[in-house]
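Close look at the chain arrangement
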Amino acid sequence: MIEFKNKFIEDALELLFKLEQTVLDLEKNTSNSALIEEVFRTMHTLKGTSGMYGFTEMGTLTHRLETIFDLIRNGRIMVEDKILNLTFETIDFLNKVLKTDDKEPLDYQPLYQKIENILQLAGEEIERNQEVVEKIPVTFGMQTWFITITPFDDLRERGIKMHLIFDELTQMGKNHIFNRNLKDANTSGLFWEIILATEQSQSDIEDAVIFIEDITVINHLAEGDLFENALFLEKIDDFSKSNSIDFDELKTFVDSIFENEKKSSNSDVIDNQHIETIKVPAARLDEQMNLLSELVTTKAEMQLLVQKYGYEHLLKPLEQLEKITRRFRKNIFKIRLMPLETLHLRFDRLIRDISNLLHKKVNFVCEGLHTELDKTIIDSLESPLMHLIRNSLDHGIEAEDIRKMRGKNGLGTIKLTARQAAAYVHITVSDDGEGLNFTKIKEKAISKGIIDKNEKIADDQLKNMIFYSGFSTAQTLTEVSGRGVGMDVVKQTINNLHGSIEVFSEKGKGVRFEIKLPLSLSIIDTMLVRVEQMFYAIPISSIDKCTEIELSQLKQFDNKHLIINTQLIPYLILKDFLRIENNVENKPENKPENKPENLKSKVVIVKNENEKTALLVDEVIGEHQAVLKPIGEYFISQPYISGASQLASGHIALVLDTSRFNLKTNIHSIII
């Protein structure tokens, strides 16, 4: 039973996720009948299944909220902000119920009371406007309806001319009228069944039959024009031969037509291949990745043994193992990749709630959210991105009247974009607000003792102070921000993901945050190099080329640059830069610049966006699949080390974060 209950919780959370997205869409188009029906169906499903697994109160709550949407879909009341707000509040509450599994006592009564208040007001409104309430769903485009008219003997006595009513109905659109003979002693014997395809609304049809509304039943049959469907036209002949049409059977037939067309369309798209999906617990994927890591390490150990002892007969099987391992690795990575689109709903909801709270109008634009990242990164990225968006709403976007006064559109814009470049994903969060206030930032930095009052500091340095712990320029504490908690956590989270974050600001035009993240945190292709007795792994995706130079070139320039293929490239002697010491050989004459000029040095040129840096090393060993392991406390403060990998020999190679090697800026300062 516990297994089935857990499965219900999983499915119910998915339904609530879907419901939240549908309500967000409905808020933008409150008269969309399809969205109203979707909300109603989802609530109906939750109501029907929750009681079976012990969530009785949840079933009662969804049943009461379902009643409101039943009134909406039947045209008794309209979609209003208070109903949407209540629906969102209920979704949040039910999420909490499912995630706590009723272990914490939760009070349903406030939601019951809010629903009851809306139902009571709805009842009064219906009673006041019973004669003029326009029925919905309000339809868009062509719709097909099924109408039944069953008259009584007093039809002529009432002076009703049916041919005029039929004329008005037939003028509305395509139609087929079935004349029936109901052999019943209590009636005149005649009744009519009408199939009507029209762009006019249900209320328009009701107006046409207003004088016989007591003997008329109008049912919505399908979206679109059924008279354009060949299968439906064939069925009309069968309808003509029958005594009457059962609406439920007719609806089932129409639904089957659309279902078959949908299956046929899908089969065309996937070239008649049947694709199945299954749900797999994330823990199993993590276990697969761990096994893959062990396989990569074991393969490297076997290659070392073959090279060391000359087992040449194993070379061919090892090559095959290498191919299989790479394919296995590629497939595992694909399975773990998720699109950023999975976070879209969270962002939409955040924008909605906070913009309403702050009374700001905001347009949220997303581009490139099909870009994929490892599931672990996606899970860790949600909180930082939401905090950046929240900051843009609170600190960046001005109030509507202020924006208009500054000559801006009253509607602010927050933009989230993503793109993949090589083995990295670049994510940008930007707004068109007022930009960073460097004066306030400096004042805050002085008050917190970060800088001296008379110290001169550039804006490029000031902007990075927003990432200090406890740093906030907000004048007052609000529900949204002001505590100085968040941006430091954003930076730390991005760093933990082996990524980087930079901030750019232009006064009066807005702020832009640029995040760079690796596609995966588990295994990466690297180039293995040696400096003294230390091994370093450089991600291949960041390498421009490997070459060698004569040491005489180091003396040609005083500004630490080399000429390589006619390009002037800044260089670093990795041994000196990382302060690698060798007590035996650490003598002045052993430094590269002091060695004989005819000697050569190995150079690895790394690229970061459009910038290049030459790293001088002792040896370029070759390619290495680095199984990344977390670095210990000793290296945690080293900005140029992003991880560690065990070599087949048992040695440890430190993975270099080459995005930090940017000599255009101060190389000794950490790039945030």
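Residues numbered from 1 in each chain as written. Predicted model: local features only at pLDDT ≥ 70, side-chain atom pairs only at ≥ 80, totals over all residues. Heavy atoms only, no water.

**Observations concerning the overall build of the protein chain**
What counts, and what does not: Helix and strand definitions here come from DSSP, where helices need a minimum of 4 consecutive H or I residues and strands a minimum of 2 consecutive E residues; each element is numbered from the N-terminal end. Working rule for contacts: check all heavy atoms of both residues, and any pair within 4.5 Å makes them a contact. Reported accessibility uses the Shrake-Rupley method at a 1.4 Å probe radius. Residues are deemed covered only where the shown protein chains occlude them.
For the protein chain, the count of helices and strands is 18 helices and 21 strands. Here the analysis covers contacts within the protein chain between residues at least 6 apart in sequence; of these, 69% occur between residues at least 24 apart. As presented, the protein chain carries roughly 37,400 Å² of accessible surface, and 49% of it is formed by carbon and sulfur atoms.

**Considerations on the nonpolar core**
The following threshold applies: Within this scheme, the nonpolar core is defined by two criteria: the residues are buried Ala, Val, Leu, Ile, Met, Phe, Trp, Tyr or Cys, and they are joined through side-chain atoms within 4.5 Å. Think of it in three bands: residues with accessible area under 20% of the maximum for their type are buried, residues over 50% are exposed, and the middle band is partly exposed, with areas taken using a 1.4 Å probe on protein chains only.
By size, the foremost hydrophobic cluster in this structure holds 46 residues, and its most contacted members are Leu340, Leu373, Ile427, Phe513 and Leu517. Among the elements that line this core, the one with the most residues is helix H13 (residues 375–396), at eight residues. Apart from the residues lying within four places of it in its own chain, the contact partners of Ile427 are Leu340, Leu373, Leu381, Leu385, Leu416, Thr417, Ala418, Phe513, Glu514, Ile515 and Leu517. Formed by 40 residues, the second largest nonpolar core is a distinct cluster that contains Ile68, Ile91, Leu106 and Leu111.

**Some remarks on the sheet that holds strand S21 (residues 652–656)**
Note the cut-off: In this scheme, strands are said to pair when DSSP sees at least two bridges between them. The axes used here are C-alpha line fits, helices contributing only the stretch in contact, and every angle between their N-to-C directions lies in the interval 0 to 180 degrees.
Ordered in space as S19-S12-S13-S21-S20, the five strands form an open sheet in which the pairing is mixed. Strand pairing shows two members of the sheet lacking a second neighbour, strand S19 (619–627) and strand S20 (641–646), which therefore form its edges. Taken over all neighbouring pairs, the strand axes of this sheet differ in orientation by 35° on average, direction set aside. In the sheet, strand S13 (residues 534–539) pairs with S21 via three bridges, with the strands oriented parallel. Its bridge partner lying in S21, Tyr536 is registered against Leu654. Lying over the sheet, helix H11 (residues 315–336) contacts strand S12 (523–531) and S19, oriented at roughly 125° with respect to S12.

**A look at the environment of Asp353**
Examined against the element boundaries, Asp353 turns out to sit in helix H12 (residues 344–358). Using a relative accessible area of 30% as the deciding quantity, one classes Asp353 as partly exposed.

**What to know about the sheet that holds strand S2 (residues 173–181)**
The strands making up a sheet associate through hydrogen bonds between their backbones, and the pairing can be parallel or antiparallel. The antiparallel open sheet is built from four strands, whose spatial order is S2-S3-S1-S4. In the strand order of this sheet, the two ends are held by S2 and strand S4 (216–223), each with one partner. Mean inter-strand twist for the sheet, computed between neighbouring axes without regard to direction, equals 15°. With respect to the sheet, helix H8 (residues 230–241) is in contact with S2 and strand S3 (190–198), its orientation differing from that of S2 by roughly 20°.

**Brief notes about the pattern of salt bridges**
Rules: The term salt bridge refers to a pairing of a side-chain nitrogen on Lys or Arg with a carboxyl oxygen on Asp or Glu at a separation within 4 Å.
For the structure shown, the criterion picks out 36 salt bridges. A salt bridge links Glu38 to Lys18; the nearest nitrogen and oxygen atoms lie 2.9 Å apart. Here Glu38 is found in helix H2 (residues 33–50), whereas its partner Lys18 is found in helix H1 (residues 2–28), with 20 residues between them in sequence. Glu37 is the partner of Arg73 in a salt bridge, and the nearest nitrogen-oxygen pair spans 3.2 Å. Taken as a pair, Arg73 in helix H3 (residues 56–73) and Glu37 in helix H2 lie far apart in primary sequence, 36 residues in all. Judged by relative accessible area, which is 24%, Glu37 ranks as partly exposed.

**Quick word on unusual backbone geometry**
Despite not being glycine, His359 shows a phi value in the positive range, around 55°. Residue position: His359 is located in the loop between H12 and strand S6 (362–367).

**A word on the packing of H13 against helix H17 (residues 487–496)**
Worth spelling out the cut-off: For any helix crossing, the convention is left-handed if the near helix is rotated counterclockwise from the far helix by under a right angle, and right-handed if that rotation is clockwise. By the convention adopted, Pro, Cys, Tyr, Trp, Phe, Met, Ile, Leu, Val and Ala count as nonpolar, Lys, Arg, Asp and Glu as charged, and the other residues, Gly among them, as polar.
For the pair H13 and H17, the least separation of the axes is 10 Å and the interaxial angle reads 145°. In this structure, the crossing between H13 and H17 has a hand that is left-handed. Contacts from Ser380, Leu381, Pro384, His387, Leu388 and Asn391 of H13 reach H17 at Met487, Val490, Thr493 and Ile494. Within the contact of H13 with H17, the residues separate by chemical class into six nonpolar, four polar and no charged.

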